[in-house]
Amino acid sequence: MNYLTRSTSICSRAISCLASMRKPTATNGPAFSFLLFQTCNMGTKAMLKTNKAAAKRVRIRGSGSVKRNKQGFSHNTGYLTRKRSNNLGKTTGIQGTAIEKRIRVLVGH
């Protein structure tokens, strides 16, 4: 256990989770223990990894609402009218609180 106790950033629950990996059973198999180790980091709330694909496409406003860019403005915009082109360049929100909630979880807010 010396290699586990050297690092001060690992909490005691994480050490016990790793210790339980020695004898894999139906309840504490290696995959289960690894999940416990990921979620019991420093006794804080379990954190999910940020979904980078979603994080590159949306931003979270100060009020908590989600803002996104409009589609159709990446290429082939030469034929668009000035008004349409300008409107596509603006950002917009996301309609639907359930979708907004899911995106906030993906982005990590």
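Residues numbered from 1 in each chain as written. Predicted model: local features only at pLDDT ≥ 70, side-chain atom pairs only at ≥ 80, totals over all residues. Heavy atoms only, no water.

Colleague: Mind showing me how you'd approach the nonpolar core here?
Modeller: A general tendency of soluble globular proteins is for nonpolar side chains to be buried together. Among the nonpolar cores identified, the biggest contains six residues, and these are A54, V58, V66, I94, I103 and V107. I103 has contacts with V58, V66 and I94, leaving out every residue within four places of it along the chain. (Core = buried A, V, L, I, M, F, W, Y, C linked by side-chain atoms within 4.5 Å. Buried < 20%, exposed > 50% of the residue type's maximum accessible area, 1.4 Å probe, protein only. Contact = heavy atoms within 4.5 Å.)

Colleague: How do you make sense of the pattern of salt bridges when you look at a structure like this?
Modeller: Pairs can form between side chains of opposite charge once their charged atoms are near each other. In this structure the tally under the stated criterion is one salt bridge. R104 is the salt-bridge partner of E100, the closest N and O atoms lying 3.0 Å from each other. Of this pair, E100 and R104 are both found in helix 6 (residues 97–107), four residues apart, which corresponds to roughly one turn of the helix. (Salt bridge = Lys/Arg side-chain N within 4 Å of Asp/Glu carboxyl O. Helix = DSSP H or I, 4+ residues; strand = E, 2+ residues; numbered from the N terminus.)

Colleague: Which parts of the structure should I look at to understand unusual backbone geometry?
Modeller: Despite not being glycine, N76 has its phi angle at roughly 55 degrees, a positive value. Tracing the chain through its elements places N76 in the loop between strand 2 (66–69) and helix 5 (82–89).

Colleague: It is not clear to me how the side chain of S65 should be interpreted in this structure. Could you clarify?
Modeller: With respect to the helices and strands, S65 occurs in the loop between strand 1 (58–60) and strand 2. The exposure class assigned to S65 is buried, which follows from its relative accessible area of 18%. A polar contact of 3.3 Å, which involves the side chain of S65, links it to the side chain of S63. (Polar contact = N/O pair within 3.5 Å; in protein donor to acceptor, adjacent residues only side chain to side chain.)

Function cannot be read off these values alone, since they describe shape.
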